[in-house]
Each structure stands twice: as structure tokens, then as C-alpha cells.
Amino acid sequence: MAKFLVETYYNCSFKVTHYLDDVNEKELSQLEKREDGKFEIINVKLDNRKTKSLEKNKTTENINKNFKSVKLSENNLDQKSSVKKDNENFTNKIQDVMNRRFSMPDRRKGYIQKATIGDHKVYLHTGEYEDGKIGEIFIDTSKEGELVKALMNNFAIAISLGLQYGVPLDEFVSAYVDTKFEPSGKVFGNDRILSATSILDYIFRELAISYLNREDLAHTPSIGSNADKLKDNDIDSAEEQSQFLKIVKDITSKGFVRNNYKKKLVDLSDIRINLKGKK
């Protein structure tokens, strides 16, 4: 009885995330040997399937011809069904990993932005993962009825669930920016957004500027000018890797400082305050 070897090939896309104390050639060369990375499967697709003969005297062409003409016996049918079940189980496991929800940590970073749109106050609360990626939002409004508040609250829950299941923030931004309904008009209380066509337009402009660096959606320039960026370009590579700045990035909300750590930090190490009152 002839024996055949069936080989099935898959294309698997995945990513591995590492946290490094320093970035240099030595750390990057030993990156693949580290076992502390976070593994995440992105996609798995069936590529192709090949059949080989375990007999030495038959060529590949004869094997393919005989394989088409030979009727499968009951044992071969059982083997084929078992292979199919194994493939289905493997695919189900991959789908379970892909559809998994990445819950927010119990203690998380974030910020609160208050703004006024057409005499309506809007409070935007954000929650972030440990790496600074946004994972949830809360929306509070004033001068609105219970129905509108409930709808906005549940809308924020839907957006949060989408972010935790892996929906990119870019998709929400492209879907809700420039939506038009009341209240709309001038925006007060936000240093980057001066007007909005709706509450959703304002909210996702704010999130895009804070977490995606979408300066094209802002109405005012960022705190750091282009001249300052050009002057600091030569020393940024060294200063950004300092241990102190990394600690600040770990404990500070990415959305709150909008990546402008240097502009937001104030060095108080050399300041002495005289607490003695004047006589």
C-alpha cells in the first residue's frame, strides 16, 4: 500500500512587543532571544497543500496521477476527517485569540477635558493602557435630558468596547469627524480646537490630536514650534532615552501631555522655598 505525506502551509501574521530600558545595537541584536515579549496573533490564512510520496521509485507526476485515480478507503476517509477536525480546532483557537477582549487595568491613566460647545458643557474622560494606548472613553454633558445623557453614555460604552476588541482609533475618527448636528459652533476651553460641527466632531478631533498626533484636525499649532523641533533634533535621540524621561512617560497620561513631555515638565530640583513668614 502506497504511503503519502500531506503538507499544509499557513501564512500567520503576528507581532511581539518588548519593553527595553535602552535602544542600541546590542539590545536589538538580542531581541529575538528574549522571552518576555507579548505575543499577539493578527491573522492566519491557508496558503496551499502539497502531497509527497514516501516511496523512492515513483516520480511526483506518477504520484499525482495515481492520487487522483485511487479511491479512498474507509481508513483514508477517517484520516481525512481527523485532519479536517484538527484544522478546524486550530482555526477556532486562532479565532478565539483574535476575538479576545483586552480589558483595561483596574488602576489606569487618562485625563479629563472640559469644553463648551454652543453653551453646552462637555466633559471627556479617557482611560489608557499601560503603554499609553487609549482603551475607553466617558462622555458627560450638561443641560441635556435623561434620554440624551443615556444615549451618550451608551455610545461611549460602545466605543470603549470597540477599542478593547482591537478596532483602531483611526476608524472611529474617520467615521465621526465632520458630523453635523446641534449643538455646534465655537469651542471654549480647548487650546487646540476652536470650533466643532457637533459634539462627536469635537470628541474625536480631541482624541485624534491627543493619541494619533493628527495635527491636520487641529485649529491651532502645537506648543512646540517647528524651529524648536529642528534645533532639538540633534539631541533628541540622546535625551529621549534618558531613564528619567522614560519614568515620566510611564506615569504620565499620553493623551494629557500629547507627547510634549519636555514642554509640560517643570524642573523644581534647584528651587528652594522660604516658608518663614515676615515679621
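Details of the structure are given in the entry above.
Note that this is a predicted model, so its numbers are computed, not measured.

1. Quick word on the pattern of salt bridges
Inference 1: In total, this model carries five salt bridges according to the counting rule given.
Inference 2: Residue E215 is joined to R192 by a salt bridge in which the shortest nitrogen-to-oxygen separation is 2.5 Å. With E215 in the loop between α6 (199–212) and α7 (226–231) and R192 in the loop between β6 (185–188) and β7 (195–196), the pair connects residues that are 23 residues apart, well separated along the chain.
Inference 3: Where salt bridges share partners, they join D178, D201 and R205 into one cluster.

2. Quick word on the nonpolar core
Inference 1: One finds I137, I139, Y202, I203, F204 and L207 to be the most contacted residues of the largest nonpolar core, which totals 31 residues.
Inference 2: Secondary structure elements with two or more residues in this core: β3 (112–117), β4 (120–128), β5 (134–141), α4 (146–164), α5 (169–176) and α6.
Inference 3: A per-element tally of this core places α6 first, with nine residues.
Inference 4: Beyond its immediate sequence surroundings of up to four residues, I137 is in contact with L124, H125, T126, A156, I159, S160 and L207.

3. What to know about the packing of aromatic side chains
Inference 1: Summed over the entire model, instances satisfying the criterion amount to four aromatic pairs.
Inference 2: Summarising the aromatic geometry, the rings of Y176 and F204 are spaced 5.0 Å apart at their centres and angled 20 degrees between planes, so their arrangement reads as stacked. Within this pair, whereas Y176 is found in helix α5, its partner F204 is found in helix α6, the two being separated by 28 residues in sequence.
Inference 3: Of the residues examined, Y176 reaches a relative accessible area of 23% and is grouped as partly exposed.
Inference 4: Through a chain of ring-to-ring contacts, the aromatic side chains of F155, Y176 and F204 assemble into a single cluster.

Calculation rules
- Residues numbered from 1 in each chain as written.
- Predicted model: local features only at pLDDT ≥ 70, side-chain atom pairs only at ≥ 80, totals over all residues.
- Heavy atoms only, no water.
- Salt bridge = Lys/Arg side-chain N within 4 Å of Asp/Glu carboxyl O.
- Helix = DSSP H or I, 4+ residues; strand = E, 2+ residues; numbered from the N terminus.
- Core = buried A, V, L, I, M, F, W, Y, C linked by side-chain atoms within 4.5 Å.
- Buried < 20%, exposed > 50% of the residue type's maximum accessible area, 1.4 Å probe, protein only.
- Contact = heavy atoms within 4.5 Å.
- Phe/Tyr/Trp six-rings, centres within 6.5 Å; stacked < 30°, edge-to-face > 60°.

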